[in-house]
Amino acid sequence: MSSPRTTWPHVRVALRAMLVLTLLLGVGYPLLVTGLGRLVPARADGSLVAGPDGDVVGSALIGQAFTDADGAPLPQYLQPRPSATGYDAAASAGSNLGPENPDLVAAVEERREAVAAFEGVDPAAVPPDAVTASASGLDPHISPEYAELQVPRLARERGLTPDEVRRVIADATTGPDLGFLGQAAVDVLQVNVALDRLA
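Quick caveat, the model's predicted, so the values are computed rather than measured.

Peer 1: I'd like a description of the sheet that holds strand β5 (residues 185-187), backed by residues and values.
Peer 2: Read from one edge of the open sheet, three strands run β3-β5-β4, paired in antiparallel fashion. Unpaired on one side and paired on the other, β3 (141-142) and β4 (173-174) mark the two borders of the sheet. Helix α5 (residues 188-198) rests against β3 and β5 of the sheet, and its axis sits at about 50° to β5.

Here you go:
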């Protein structure tokens, strides 16, 4: 059995090690990583996007709805894809409904009819991302096809030419990652902020 005289040096060493590691890994490392994160273009404070007046209007990484108080889409804004969570970042999730699920099939058909009526096009012209939610429910991007479908309405509502709207959309379009991973995507918030700046 160890005596207090032989145990105490080990306890002192353990306490010093715990204190040093707590300061180093619990304080120093987080401060260093946060500081480095603030130096790179995608900032460590949420990739916030400012509107024309300088106020924060959202995050570049989280989709949001552009609707009125009753939930109806605002015609002067590019519309995002649907969200299974209502764009609630605290509840990120898909619907978990399979492609054969009658509820999902009915929801997709209802969305297709609503988008076709809103855009004034044939339901067959509505692209898939206009009627299906992303896996996270927070995707901030839509396909170039869905953006193009919305050009006539945006031009009419904003008093712009279709080519002016297409230029704004082109500026907010990114290609596949590394040139071959994924597909081209349009940042909805970036387009809407740019349209507001034009106004």
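So much for the structure itself; the text now carries on.
Peer 1: Explain the pattern of salt bridges to me, and be specific about the residues and the numbers.
Peer 2: One pass over the full model with this rule turns up six salt bridges. One salt bridge in this structure joins E148 and R166, with 2.8 Å as the shortest N-O distance. Of this pair, E148 sits in helix α3 (residues 144-158) while R166 is found in helix α4 (residues 162-171), placing the two residues 18 residues apart along the sequence. With relative accessibility at 36%, the residue E148 sits in the partly exposed group. Beyond isolated ion pairs, a larger network of salt bridges with shared partners links E148, D163 and R166.

Peer 1: Could you give an account of α3, with specific residues and numbers?
Peer 2: For an α-helix, the turn length of 3.6 residues means that residues three or four places apart are oriented alike. Taking 1.5 Å of rise per residue, the 15 residues of α3 would be expected to cover 21 Å, and the 19 Å separating its terminal C-alpha atoms lies within 8% of that figure. At V151, α3 shows its maximal bend, which comes to roughly 40°, and the proline P152 appears one to four places after that position. If you check which residues of α3 are buried, you get Y146, A147, L149, Q150, V151, R153, L154, A155 and R158. Check the buried side of α3 and you find it contacts α2 (102-119), β3, α4, β5 and α5. Remark: G159 follows α3 within two positions and exhibits a positive phi of approximately 70°.

Peer 1: Got a sec to walk through the pairing of strand β2 (residues 56-59)? Specific residues and values, please.
Peer 2: By the bridge criterion, three bridges tie strand β1 (residues 48-50) to β2 in an arrangement that is antiparallel. The residue bridging A50 from the neighbouring strand is V56, located in β2.

Peer 1: Can you explain the environment of E110? Please cite residues and give values.
Peer 2: Examined against the element boundaries, E110 turns out to sit in helix α2. With 21 residues separating them in the primary sequence, E110 and V131 have C-alpha atoms 8.5 Å apart.

Peer 1: Which residues make up the packing of α3 against α4, and what are the values?
Peer 2: The axes of two packed helices give the description: the angle between them and the distance between them. Axis separation between α3 and α4 bottoms out at 9 Å; the angle between their running directions is 135°. With respect to their mutual orientation, α3 and α4 come out oblique. Between α3 and α4 the crossing geometry is right-handed. Where α3 approaches α4, its residues A147, E148, V151, L154 and A155 are matched on the opposing element by P162, V165, R166 and I169. Of the residues that constitute the contact of α3 with α4, the class distribution is seven nonpolar, no polar and two charged.

Reading the values: rules and limits
Residues numbered from 1 in each chain as written. Predicted model: local features only at pLDDT ≥ 70, side-chain atom pairs only at ≥ 80, totals over all residues. Heavy atoms only, no water. Pairing = 2+ DSSP bridges. Helix = DSSP H or I, 4+ residues; strand = E, 2+ residues; numbered from the N terminus. Contact = heavy atoms within 4.5 Å. Axes fitted to C-alpha atoms, helices over the stretch in contact; angles between N-to-C directions. Salt bridge = Lys/Arg side-chain N within 4 Å of Asp/Glu carboxyl O. Buried < 20%, exposed > 50% of the residue type's maximum accessible area, 1.4 Å probe, protein only. Expected span 1.5 Å × (residues − 1). Bend = angle between axes of the 7 residues up to and from the residue. Parallel < 35°, antiparallel > 145°, perpendicular 65-115°, else oblique. Left-handed = near helix turned anticlockwise from the far one by under 90°. Nonpolar A, V, L, I, M, F, W, Y, C, P; charged D, E, K, R; others polar.

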